[in-house]
Amino acid sequence: MSTTTFEGEPSMLLAIGDVVRIRSDKSLGTVVGVATHDSGNVVDIQVNDLVFRPVRPANIELVARGFKPMTSGRAVATLLFFVLGIAFAVTNSVYVRDLGANWSTVAFVAITSFTATTGALINLFNRPRRVRV
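Along every chain, residues carry numbers that run from 1 in the direction the sequence is written. Whole-chain, interface and lining totals are the exception, using all residues; otherwise, since this is a predicted model, local features are given only for residues with pLDDT of at least 70 and side-chain atom pairs are given and counted only at 80 or more. Side-chain metrics in this entry use all non-hydrogen atoms of the structure; hydrogen atoms and water are not considered.

Student: How should the overall build of the chain be read in this particular structure?
Tutor: Only DSSP runs of H or I covering at least 4 residues are called helices, and only runs of E covering at least 2 are called strands; the numbering of each starts at the N terminus. Within the chain, the regular secondary structure consists of 2 helices and 9 strands. In the chain, the order of α-helices and β-strands from amino to carboxyl end is β-β-β-β-β-β-β-β-α-α-β. For each residue, the accessible area found with a 1.4 Å probe, counting protein chains only, is set against the maximum for its type, and the residue is called buried under 20%, exposed over 50%, and partly exposed in between. Within the chain, buried positions represent 24% of all 133 residues. Looking at the chain alone, contacts between residues at least 24 apart form 51% of all its contacts between residues at least 6 apart. For the chain, the accessible surface area stands at approximately 8900 Å², while carbon and sulfur atoms represent 65% of it. In what follows, a contact means two residues having at least one pair of non-hydrogen atoms within 4.5 Å. For the accessible areas, the method is Shrake-Rupley and the probe is 1.4 Å, while residue cover comes only from the protein chains on display.

Student: When you look at the environment of threonine 112 in this model, what are you seeing that I'm missing?
Tutor: Turning to its location among the elements, threonine 112 is positioned in helix α2 (residues 103–126). For threonine 112, a relative accessible area of 34% gives the class partly exposed. On a C-alpha basis, the gap between threonine 112 and phenylalanine 88 in space is 10.0 Å, while along the polypeptide they are 24 residues apart. Here the side chain of threonine 112 touches phenylalanine 108 through a polar contact of 2.7 Å, landing on its backbone oxygen. Definition of a polar contact: a pair of N or O atoms within 3.5 Å, with one able to donate and the other able to accept a hydrogen when the atoms are protein atoms, and with sequence-neighbouring residues admitted only if both atoms are side-chain atoms.

Student: I would appreciate a short explanation of the pairing of strand β6 (residues 40–46) in the present structure.
Tutor: On a regular strand, one side chain projects to one face of the sheet and the next to the other, so that they alternate. Pairing geometry for strand β5 (residues 28–37) and β6, over 7 bridges, is antiparallel. Counterpart to histidine 37 in the pairing with β6 is glycine 40. Strand direction decides the pairing type here: β6 and strand β7 (residues 52–55), joined by 4 bridges, are antiparallel. Along β7, the bridge assignment pairs valine 43 with valine 55. Note on pairing: DSSP must find at least two bridges between two strands before they are called paired.

Student: Looking at this structure, how should I read the nonpolar core?
Tutor: One recurring pattern in soluble globular proteins is that nonpolar side chains are buried together. One finds Met12, Leu14, Val20, Ile22, Val31, Val43, Ile45, Val55 and Ile60 forming the largest nonpolar core, which totals 9 residues. Of all the elements in the fold, those that place two or more residues in this core are β4 (19–22) and β6. Beyond its immediate chain neighbours, meaning those up to four positions away, isoleucine 45 contacts Val20, Ile22, Gly29, Thr30, Val32, Val51, Phe52, Arg53, Val55 and Ile60. Here, nonpolar core means buried Ala, Val, Leu, Ile, Met, Phe, Trp, Tyr and Cys residues that are tied together by side-chain atoms lying within 4.5 Å of each other.

Student: Could you clarify how one ought to interpret the sheet that holds β5 in this entry?
Tutor: To summarise the sheet geometry, strands pair through backbone hydrogen bonds and adopt either a parallel or an antiparallel arrangement. If you walk across this open sheet you meet the 5 strands as β7-β6-β5-β4-β8, and the pairing is antiparallel. Edge positions in the open sheet fall to β7 and β8 (60–64), since each of these has one partner strand only. Within this sheet the neighbouring strands show an average axis-to-axis angle of 45 degrees, counted without direction. Where helices are involved, their axes are fitted lines through C-alpha atoms of the stretch in contact, as for all axes, and angles between N-to-C directions lie from 0 to 180°.

Student: It is not clear to me how the packing of helix α1 (residues 72–98) against α2 should be interpreted in this structure. Could you clarify?
Tutor: For any two helices packed against each other, the geometry is given by the interaxial angle and the distance between the axes. Here α1 crosses α2 at 150 degrees, and the two axes come no closer than 8 Å. One element, α1, and the other, α2, form an angle in the roughly antiparallel class. Once α1 is placed against α2, the crossing between them reads as right-handed. Convention used here: angles under 35 degrees read as roughly parallel, angles over 145 as roughly antiparallel, angles from 65 to 115 as roughly perpendicular, and any remaining angle as oblique. Handedness of each helix crossing follows the sense of rotation of the near helix against the far helix: counterclockwise by less than a right angle gives left-handed, clockwise gives right-handed.

Student: Please clarify how the pattern of salt bridges should be interpreted in this entry.
Tutor: Two side chains of opposite charge can pair, provided their charged atoms sit close to one another. Salt bridges are counted wherever a side-chain nitrogen of Lys or Arg sits within 4 Å of a carboxyl oxygen of Asp or Glu. In this structure the tally under the stated criterion is 5 salt bridges. Aspartate 18 is the salt-bridge partner of arginine 65, the closest N and O atoms lying 3.1 Å from each other. With arginine 65 in the loop between β8 and α1 and aspartate 18 in the loop between β3 (13–14) and β4, this pair connects stretches of sequence that are 47 residues apart. One salt-bridge network, held together by shared partners, links Arg21, Arg23 and Glu61.

Student: Help me understand unusual backbone geometry, please; the structure alone is not making it clear to me.
Tutor: If a residue is not glycine, its phi is most likely negative; likewise, a peptide bond is most likely trans. Within the chain, lysine 26 stands out as a residue other than glycine whose phi angle is a positive 60 degrees. Note that lysine 26 resides in the loop between β4 and β5. Assessed through its relative accessible area of 56%, lysine 26 is described here as exposed.

Rendered as structure tokens:
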């Protein structure tokens, strides 16, 4: 997931809560913020309970992605996205059936419409926000 910027330093997408390893001393930490300085970006990492270290992005590697627990608002939104996906699947499959398609094509259109609509809405609204550093 890392790319290279014009300055030659690698860049990556990080979110608050991601677990990273500092390459210089192999210590693990959690991303708590990103700061921009004249010399470039700096990622603030919480190493211990009260110890925060600013580290350059070239000196860290991603170990695990952090995620937010499901809240009631996100659960309701996900349920709404499933209902919209079912509605689009039914609408598209009826339209394709009326055009004279066979049952396998109708089933394929229904499944594809459901997964595309639901997946796109969930990824658009419920994904964690990542910052390129």
